[in-house]
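Residue-level structural notes
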Amino acid sequence: MADVGTQGGSSIADRSTGAGRGTTTIADGVVATIAGIAIRETDGVHSVGRGASKAIGAVAGRRSGSSGAGRAVKVEVGETQAAIDVDVEVEYGVQIHKLADRIRTQVTDAVESMTGLEVVEINIYVFDVHVPDEDEDEEDEGDRSGRASARVQ
């Protein structure tokens, strides 16, 4: 968690002077939520997280105050800095290196503007490419071959 000084834009280093009016503590889950929303809003990202973490993240992301195991976005928050790890599935045809740059920019802007923390690292793991017609083709093939229905009774 990060403690951020609350006196008129003072930095965290100024907190030690005792002139502040208190501290604000920002939980890791808050940073993860902000980063996750910024990533999902980036054109070219099909989904965030894999398998169970994607499903849990989608449900947890809808409830306020939710965090915990299975989050698609992992964060490490220090006193003044944050590091972020994320697994993404990208849309087919997107230039992945340019998408990664856009993700880093969006996440950095969102986290730094909302929390005052410096984002020092964003690690992006591209685990898959989403091909829109692939899901439909697999379903059609299963319907056409008699094997699909014979395998399941």
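Residues take numbers from 1 onward in each chain, read along the sequence in its written order. Residues qualify for local features only when their pLDDT is at least 70, as the model is predicted, and side-chain atom pairs are given and counted only at 80 or more; totals for whole chains, interfaces and linings, by contrast, use all residues. The side-chain numbers reported here are obtained from all heavy atoms of the structure, hydrogens and water having been left aside.

1. Focus on the overall build of the protein
Our working definition: Note on conventions: DSSP H or I runs of at least 4 residues are helices, E runs of at least 2 residues are strands, and numbering of each starts at the N terminus. Per-residue accessibility, obtained with a 1.4 Å probe over protein chains only, is compared with the maximum for each type, and a residue is labelled buried under 20%, exposed over 50%, and partly exposed between these values. We call two residues contacting when some pair of their heavy atoms lies within 4.5 Å. Accessibility throughout is a Shrake-Rupley quantity obtained with a 1.4 Å probe, and a residue counts as covered only by protein chains that appear here.
Helix and strand counts for the protein come out as five helices and six strands. Reading the secondary structure of the protein in the N-to-C direction produces β-β-α-β-α-β-β-α-β-α-α. When burial is assessed residue by residue, the protein has 32% of its 153 residues classed as buried. For the protein, contacts bridging at least 24 residues in sequence account for 68% of all contacts bridging at least 6. Counting only carbon and sulfur atoms, one obtains 47% of the accessible surface of the protein, whose full area is about 9600 Å².

2. Remarks on a nonpolar patch on the surface
The test is simple: Exposure above 30% relative accessible area and no salt bridge define the residues that can form patches, which grow by joining like charges within 9 Å and nonpolar side chains of Val, Leu, Ile, Met, Phe, Trp and Tyr within 5 Å. Think of a salt bridge as a Lys or Arg side-chain nitrogen and an Asp or Glu carboxyl oxygen that are within 4 Å of each other.
On the surface, a nonpolar cluster with roughly 340 Å² of combined accessible area is contributed by Tyr-92, Ile-96, Val-126 and Val-129. Overall, Val-126 belongs to the partly exposed group, its relative accessible area being 30%.

3. Regarding the pairing of strand β4 (residues 73–77)
Two faces make up the sheet, and in a regular strand the side chains alternate between them. Put simply, the test is: Each pair of strands is called paired provided DSSP finds at least two bridges between the two strands.
By the alternation rule, side chains of β4 split into Val-73, Val-75 and Val-77, which are all buried, and Lys-74 and Glu-76, of which none is buried. One ladder, built from five bridges, connects β4 with strand β5 (residues 81–91); its direction is antiparallel. Within β5, the position partnered with Val-75 by the bridge is Ile-84. The turn linking β4 back onto β5 is made up of three residues.

4. Description of the nonpolar core
The test is simple: Among the buried residues, those of types Ala, Val, Leu, Ile, Met, Phe, Trp, Tyr and Cys that are joined through side-chain atoms within 4.5 Å form a nonpolar core.
Core analysis: the largest hydrophobic core is formed by 28 residues, its most contacted members being Ile-39, Val-73, Ile-84 and Val-107. When near neighbours in sequence (up to four residues on either side) are disregarded, Ile-84 contacts Ala-35, Val-73, Lys-74, Val-75, Val-107, Val-111, Val-119, Glu-121, Ile-122 and Asn-123.

5. A closer look at a negative patch on the surface
In plain terms, the rule: Positive charges are assigned to Lys and Arg, negative charges to Asp and Glu, while His and the chain termini are left out of the count. Positions of charges follow a simple convention, taking NZ of Lys, CZ of Arg, CG of Asp or CD of Glu.
Taken together, the side chains of Asp-28, Glu-76, Asp-85 and Glu-121 make up a negatively charged region of the molecular surface. Counting through the fold element by element, Glu-76 comes out in strand β4.

6. Quick look at helix α1 (residues 28–40)
Formally: By this rule the span expected of a helix is its residue count minus one, scaled by 1.5 Å.
The end-to-end C-alpha separation of α1 is 18 Å, in line with the 18 Å expected for 13 residues at 1.5 Å each. Buried within α1 we find Gly-29, Val-31, Ala-32, Ile-34, Ala-35, Gly-36, Ala-38 and Ile-39. Of the surrounding secondary structure, the elements contacted by the buried residues of α1 are β2 (23–26), β3 (45–48), β4, β5 and α3 (96–115).

7. A closer look at the environment of Glu-121
As a reminder of what qualifies: Whenever a nitrogen or oxygen atom comes within 3.5 Å of another N or O atom, the pair is scored as a polar contact, on the condition that within protein one atom can donate a hydrogen and the other can accept it, and that pairs from neighbouring residues in sequence are kept only if both atoms are in side chains.
Locating Glu-121 in the fold gives a position in strand β6 (residues 118–130). Residue classification places Glu-121 among the partly exposed residues on the basis of a relative accessible area of 40%. Each C-alpha atom of the pair Glu-121 and Glu-76 lies 9.8 Å from the other, and the pair is 45 residues apart in sequence. Setting aside residues up to four positions removed in sequence, Glu-121 forms contacts with Ala-82, Ala-83 and Ile-84. Looking at Glu-121, its side chain comes within polar contact range of the side chain of Asn-123, at 2.9 Å.

8. Structural notes on the side chain of Thr-108
The residue Thr-108 is located in helix α3 in this model. Setting aside anything within four residues of it in sequence, one finds Thr-108 in contact with Ser-113, Val-119 and Ile-122.

9. Overview of the confidence of the model for the protein
Where the model shows low pLDDT, its predicted coordinates should not be examined in detail. Just so we agree on the cut-off: Per-residue confidence from the predictor is reported as pLDDT, which spans 0 to 100.
Per-residue confidence for the protein averages 77 on the pLDDT scale, and 61% of its residues sit at or above 70. Confidence scores differ between elements of the protein, with helix α2 (residues 51–60) showing the lowest mean pLDDT of 49 and α3 the highest of 98. Confidence over residues 59–70 falls short of pLDDT 50; this stretch has eight contacts with residues more than four positions distant or in other chains.

10. A short note on α3
Spanning 20 residues, α3 covers 28 Å between terminal C-alpha atoms, matching the ideal 28 Å at 1.5 Å per step. When we look at burial in α3, the residues that qualify are Leu-99, Ala-100, Ile-103, Val-107, Thr-108, Ala-110, Val-111 and Thr-115. Following α3 by one or two positions, Gly-116 has its phi on the positive side, about 80°.

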